[in-house]
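Residues per chain, in single letters:
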Amino acid sequence: EATGTRNNNSVVYVGALVPRKGFHLLAKAWNDVHKEIPQAELFVIGSGALYDKKVKLGSLQLAESSYEQRFVNLLGGKDGIKRLGVHFLGNLGIEKKRFIDSATVGVVNPSGLTENCPMSVVEFYQSGIPVVSSVKYGMRDMIISGKTGILCRSSSDLSAALIKFLNGSLDSETFGRDGIEFGKKKFSPDLIVENWMKIFIGEFKVSHRVRGYWVHR
């Protein structure tokens, strides 16, 4: 259940700072978001060393050197990071919950690449926070676009969705309540264990798809 006090200007990204997790798409979109909502702040949870502790990080110690330079340049350099209200928090443990709880909206892998069932989406749902991501791969199973979050096809879609949550055109709390219920219905530990047991003993049903999208039911 949601427990935090929502900050109407806060966007939270959770994920590794590696190309396949798509943070550069959010960095590109954030310029338009901040131009429209100057008081908006972006809190980035994760780093380039999340999966590889031996990776050689760039000068800001955020990500592998070439990738760090890529998204830092999109944000306008070191000075741009501060000017655009971007806060890199690094890899966090349980303390990340206070940032998630207070977000208006969460962002998980805007590229959609490599995703099957990203638990960061479920973490946002548990706190009653809607999630914005890509309309690709596993994200289509995790997010009901227009109900628990928004699925995007481009960086411009991403910025438009974030702006709508931040300016109130999309009601974060309504989306968040639907996310809580969807999370309980689809991703509760008891349900997941039950489904795995059905697979092990052969009692499972084939999921139906409509034009490439899994049916949420």
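Residues numbered from 1 in each chain as written. Predicted model: local features only at pLDDT ≥ 70, side-chain atom pairs only at ≥ 80, totals over all residues. Heavy atoms only, no water.

Q: Please explain the overall build of the protein as it appears in this structure.
A: The secondary structure content of the protein amounts to 9 helices and 8 strands. The C-alpha radius of gyration computed for the protein amounts to 17 Å, which stays within 12% of the reference 17 Å derived for 217 residues, consistent with globular compactness. With respect to the principal axes defined by its C-alpha atoms, the protein has extents near 55 × 40 × 35 Å. Of the contacts made within the protein by residues no fewer than 6 positions apart, 68% connect residues no fewer than 24 positions apart. If you sum the accessible surface of the protein, you get close to 11,600 Å²; carbon and sulfur atoms cover 52% of it. One way to put it: in the protein the 29 positive side-chain charges average out to a point 5 Å from where the 21 negative ones average out. (Helix = DSSP H or I, 4+ residues; strand = E, 2+ residues; numbered from the N terminus. Rg over C-alpha atoms; globule rule 2.2 N^0.38 Å. Contact = heavy atoms within 4.5 Å. Areas by Shrake-Rupley, 256 points an atom, 1.4 Å probe, with all protein chains shown as cover. Lys, Arg positive; Asp, Glu negative; His and termini not counted. Charge placed at Lys NZ, Arg CZ, Asp CG, Glu CD.)

Q: Help me out: how do you make sense of the pairing of strand 6 (residues 149–152) in this one?
A: One face of the sheet, then the other: side chains in a regular strand alternate in exactly this way. Residue alternation in strand 6 divides its side chains into two sets, Gly149 and Leu151 and Ile150 and Cys152, and both sets are buried. Pairing between strand 5 (residues 131–134) and strand 6: 4 bridges, direction parallel. The residue bridging Ser133 from the neighbouring strand is Leu151, located in strand 6. (Buried < 20%, exposed > 50% of the residue type's maximum accessible area, 1.4 Å probe, protein only. Pairing = 2+ DSSP bridges.)

Q: What am I meant to see in helix 8 (residues 172–187) here?
A: For the α-helix, the turn length of 3.6 residues means that residues three or four positions removed from each other point alike. For helix 8, every residue scored as buried is listed here: Ser172, Phe175, Gly176, Gly179, Ile180, Phe182, Gly183 and Phe187. Those residues of helix 8 hidden inside the fold are in contact with helix 5 (119–126), helix 6 (139–142), strand 6, helix 7 (155–167) and helix 9 (189–201).

Q: Even after reading the chapter, I still don't get the sheet that holds strand 2 (residues 41–45), so can you show me in this structure?
A: In sheet architecture, strand pairing relies on hydrogen bonds along the backbone and comes in two forms, parallel and antiparallel. The 6 strands lie next to each other as 3-2-1-4-5-6, forming an open sheet whose pairing is parallel. Sheet topology places strand 3 (86–90) and strand 6 at the edges, where each strand pairs with a single neighbour. Between one strand and the next, the sheet's axes are offset by a mean angle of 20°, whatever the strand orientation. (Axes fitted to C-alpha atoms, helices over the stretch in contact; angles between N-to-C directions.)

Q: Can you help me understand the side chain of Asp101 in this one?
A: Topologically, Asp101 is positioned in helix 4 (residues 97–101). At 2.5 Å, the side chain of Asp101 forms a polar contact with the side chain of Ser127. (Polar contact = N/O pair within 3.5 Å; in protein donor to acceptor, adjacent residues only side chain to side chain.)

Q: How should I be thinking about the confidence of the model for the protein in this particular structure?
A: When pLDDT is low, close inspection of the predicted coordinates is not appropriate. Taken over all residues, the pLDDT of the protein has a mean of 91, while the share at 70 or more is 91%. Counting interchain partners and residues more than four positions distant, the pLDDT-below-50 stretch residues 212–217 has 21 contacts. (pLDDT = per-residue confidence, 0-100.)

Q: Teacher, can you tell me more about the nonpolar core here?
A: The tendency in soluble globular proteins is for nonpolar side chains to be buried side by side. Counting 35 residues, the largest nonpolar core has Phe23, Trp30, Leu42, Phe71, Val132 and Leu162 as the members making the most contacts within it. Going through the elements one at a time, strand 1 (10–14), helix 1 (23–36), strand 2, helix 2 (65–74), strand 4 (105–107), strand 6 and helix 7 are the ones with two or more residues in this core. (Core = buried A, V, L, I, M, F, W, Y, C linked by side-chain atoms within 4.5 Å.)

Q: Whenever I open this one, a nonpolar patch on the surface confuses me. Can you help?
A: Residues Ile192, Val193, Trp196, Met197, Ile199, Phe200 and Ile201 make up a contiguous nonpolar surface patch of roughly 730 Å² in combined accessible area. Residue placement: Phe200 occurs in helix 9. (Patch = residues over 30% accessible without salt bridge, like charges linked within 9 Å, V, L, I, M, F, W, Y side chains within 5 Å. Salt bridge = Lys/Arg side-chain N within 4 Å of Asp/Glu carboxyl O.)

Q: Would you explain the pattern of salt bridges in this entry?
A: Opposite charge on two side chains allows them to pair when their charged atoms are near. This model, assessed by the stated rule, comprises 5 salt bridges. Across the pair Glu123 and Lys96 runs a salt bridge, and its minimum N-O distance is 3.1 Å. On the criterion of sequence distance, the pair formed by Glu123 in helix 5 and Lys96 in the loop between strand 3 and helix 4 is long-range, its members being 27 residues apart. For Glu123, a relative accessible area of 25% gives the class partly exposed.

Q: Could you clarify how one ought to interpret the environment of Asn73 in this entry?
A: Its location among the elements puts Asn73 in helix 2. Its relative accessible area of 52% is what places Asn73 among the exposed residues.

Q: Please explain unusual backbone geometry as it appears in this structure.
A: In this model, Asn109 sits at a positive phi of 35°, which is unusual for a non-glycine residue. Its place among the elements puts Asn109 in the loop between strand 4 and helix 5. Taking the relative accessible area as the measure of exposure, Asn109 reaches 1% and is therefore buried. Positive phi values are uncommon outside glycine, yet Thr114 reaches one of about 70°. Residue position: Thr114 is located in the loop between strand 4 and helix 5. For Thr114, a relative accessible area of 54% puts it in the exposed group.

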